[in-house]
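What the coordinates show
Residue-level listing of the chains:
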Number of protein chains: 2
Amino acid sequence: MPIPKNKIPDAAVRRLPVYLRALEESMSECAVVTSSADLSARTGFTSEQIRKDLAYFGAFGTRGVGYDTALLARRIRKILGLSRGAKIILVGVGNLGTAFARYNATFPKDVRLAAAFDSDPEKIGHGVGGLVIQPADEMYDHIHREQTKVAVLAVPSEHAQGVAEGLEKAGIEAILNFTPVKLRSGCYVQNIDLSMELQSLVYYTTYAQRDEMKGKAEG
Amino acid sequence: MPIPKNKIPDAAVRRLPVYLRALEESMSECAVVTSSADLSARTGFTSEQIRKDLAYFGAFGTRGVGYDTALLARRIRKILGLSRGAKIILVGVGNLGTAFARYNATFPKDVRLAAAFDSDPEKIGHGVGGLVIQPADEMYDHIHREQTKVAVLAVPSEHAQGVAEGLEKAGIEAILNFTPVKLRSGCYVQNIDLSMELQSLVYYTTYAQRDEMKGKAEG
């Protein structure tokens with residue numbers, strides 16, 4: 001049986017890679033067993049949150065002992081679908097796409113880019129982050145042939161919706177969307193909205209405290 | 001009284017800009033009142049989650065009616081510290097910094113970059129996203145003078161820790177960290193880890209379902 005989508009809350013899914021990173025750290029220190037308190041110290045999430053998240057997919061540690069580090073890491077990788085290596089492509093190699101591709105070598109192997117595409121003839125054939133930039137019009141064939149399911153979308157805003165539609169038709173199921181466009185798509189779309197990141201960041205500065213004081217003074 | 005830090009859970013703080021965006025959409029459609037069901041439809045979060053988050057800072061809608069759209073937007077902006085315009089600088093204008101700066105014009109006014117700095121003499125004086133790139137060694141004076149509290153860090157990894165320390169000393173309180181370096185800092189650090197975004201994204205594809213089936217077959 002496939003996992004019913006949305007069985008695990010999105011917020012929990014987004015924490016799984018953080019736990020996985022912590023478990024890998026723990027393994028690199030040869031820890032056979034990792035407690036939720038240890039995971040908490042490594043990730044900043046509370047032990048309660050961690051236990052709750054892991055229970056969603058039936059991973060229960062041994063009370064007073066903890067989780068089998070390697071086993072839990074393997075289970076998380078399986079739940080996320082990383083066990084056999086996901087195939088991911090980059091669509092659009094402008095400044096952001098280039099920056100993204102350059103990070104490629106620092107990414108865990110299971111989520112490295114398999115290919116990069118751009119429509120600019122001047123870019124095609126050039127290397128970026130260990131990949132050769134391929135012509136955009138070969139992209140849909142590639143997706144078909146390689147059974148690619150994940151795309152990183154970093155094209156100019158005006159092309160975003162059109163390209164997303166083409167990706168979906170070709171078989172892409174999930175998009176990491178760097179454009180500010182709110183995509184209408186049957187794919188699962190994860191938006192990277194940098195301005196929202198900044199807005200929430202300001203909360204952690206004294207700007208927020210001054211505003212709050214001003215609010216109080218105003219009544 | 002300043003807001004005690006961590007009074008509102010980080011996850012709720014990170015949802016506030018999403019609600020703010022939805023309220024602004026609602027206002028642009030001239031909706032005087034917005035219900036949590038409406039916010040839910042616009043954001044994808046459940047009404048329960050929304051009501052719980054907003055209750056953290058005492059924003060209670062009128063039962064069966066909803067929230068005063070403009071008032072709630074104003075309160076969220078105040079809580080986040082956006083009311084008077086936060087001052088934000090960009091540190092490092094490589095590919096990622098350039099991409100970030102180019103989005104600047106599309107950002108809400110309250111979180112637009114005020115300045116951009118780089119140590120490469122060839123970049124200094126050039127324009128990016130409406131800003132003139134300034135020499136890195138003038139950065140600390142700028143932070144002091146302008147009482148800047150937020151920095152976007154997009155320098156090469158090997159410089160990240162050193163630059164972060166300088167920023168903290170100069171008065172920066174919150175950092176949006178695009179480098180893969182785990183910063184040791186007294187600042188509030190929000191990491192943008194693109195590989196984790198990809199790892200959680202794979203969950204929403206059939207890769208995950210195949211892995212799950214394989215898991216079952218293995219016992």
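See above for the structure.
A quick note: this is a predicted structure, and the numbers were derived from the prediction, not measured.

Take the overall build of chain A next. Tallying secondary structure elements over chain A gives 9 helices and 9 strands in all. Considering only C-alpha atoms, chain A reaches an extent of 60 × 55 × 35 Å along its principal axes. Put simply, chain A has 219 residues, and 50% of those count as buried. Contacts in chain A between residues at least 24 apart in sequence constitute 54% of all its contacts with a sequence separation of at least 6. Split by element, the accessible area of chain A, about 10300 Å² in all, is 53% carbon and sulfur. Between the centroid of the 27 positive side chains of chain A and the centroid of its 25 negative side chains there is a distance of 7 Å.

What follows covers the nonpolar core. Leu-54 of chain A together with Leu-54 of chain B are the most contacted members of the largest nonpolar core, which totals 101 residues. Every residue in contact with Leu-54 of chain B, bar those within four places of it in the chain, is listed here: Leu-16, Tyr-19, Leu-39, Ala-59, Tyr-67, Leu-72 and Ile-76 of chain B. Of all hydrophobic cores here, the second largest spans 19 residues; its members include Phe-117, Met-139, Ala-160 and Ile-172 of chain A.

Attention now goes to the interface of chain A and chain B. Facing 78 residues of chain A, the contacting portion of chain B comprises 79 residues. Considering only the surface of chain A that becomes buried against chain B, Gln-199, Tyr-203 and Tyr-204 of chain A emerge as the three largest contributors, covering 12% of it. On the surface where chain A and chain B come into contact, there are 6 salt bridges. Put simply, Asp-193 of chain B and Arg-21 of chain A hold a salt bridge, and the shortest N to O gap is 3.2 Å.

For the structure shown, the criterion picks out 10 aromatic pairs over all chains. Seen in terms of ring centroids, Phe-100 of chain A and Phe-178 of chain A are 5.7 Å apart; in terms of plane orientation they differ by 70°. Their pairing is edge-to-face. Here Phe-178 of chain A lies in the loop between strand E8 (174-177) and strand E9 (188-191) and Phe-100 of chain A lies in helix H5 (residues 95-103), a separation of 78 residues in the sequence. The same class applies to Phe-100 of chain A and to Phe-178 of chain A, which are both buried. Each ring, one from Phe-100 of chain B and one from Phe-107 of chain B, has its centre 5.5 Å from the other, and the planes form 80°; the classification is edge-to-face. A residue is classified by how much of its surface remains accessible, and Phe-100 of chain B, at 2% relative accessible area, is buried. Phe-107 of chain B sits in the buried class, given a relative accessible area of 5%. Ring pairs connect the aromatic residues Phe-100, Phe-107 and Phe-178 of chain A, which therefore count as one cluster. Across the ring face of Phe-45 of chain A, the terminal group of Arg-15 of chain A is positioned such that the distance to the ring centre comes to 5.8 Å.

Analysis parameters
Position labels on residues start from 1 in each chain and follow its written sequence. All chains are assigned letters beginning with A, and all ligands numbers beginning with 1, in the order in which they are written. Local features in this predicted model are restricted to residues whose pLDDT is 70 or higher, and side-chain atom pairs enter the listing and the counts only when it is 80 or higher, whereas totals over whole chains, interfaces and linings include all residues. No hydrogens and no water enter the side-chain calculation; it runs on all heavy atoms of the structure. Starting at the N terminus, helices and strands are each numbered in turn, a helix being any DSSP run of H or I of at least four residues and a strand any DSSP run of E of at least two. Think of it in three bands: with a 1.4 Å probe and only protein chains considered, a residue is buried below 20% of the maximum accessible area for its type, exposed above 50%, and partly exposed in between. Note on contacts: a residue pair qualifies if any of its non-hydrogen atoms lie within 4.5 Å across the two residues. Residue burial considers only the protein chains on display, and all accessible areas are found by Shrake-Rupley using a 1.4 Å probe. We score Asp and Glu as negative and Lys and Arg as positive, and we do not count His or the chain ends. By convention, the charge on Lys lies at NZ, on Arg at CZ, on Asp at CG and on Glu at CD. Working definition of a nonpolar core: buried Ala, Val, Leu, Ile, Met, Phe, Trp, Tyr and Cys residues. They are joined through side-chain atoms within 4.5 Å. Put simply, buried area is the surface a 1.4 Å probe can reach on two separate parts but cannot reach once they are joined, added for both. Note on definitions: salt bridges are taken to be side-chain nitrogens of Lys or Arg within 4 Å of carboxyl oxygens of Asp or Glu. Here is the rule: rings of Phe, Tyr and Trp (six-membered ring for Trp) pair when centre to centre is within 6.5 Å. Planes less than 30 degrees apart are stacked, more than 60 are edge-to-face, and the remainder are tilted. A ring is scored as having a charge over it whenever the NZ atom of a lysine or the CZ atom of an arginine sits within 6 Å of its centre and within 35 degrees of its normal.

In short, the description is geometric, and any link to function would need to be established separately.
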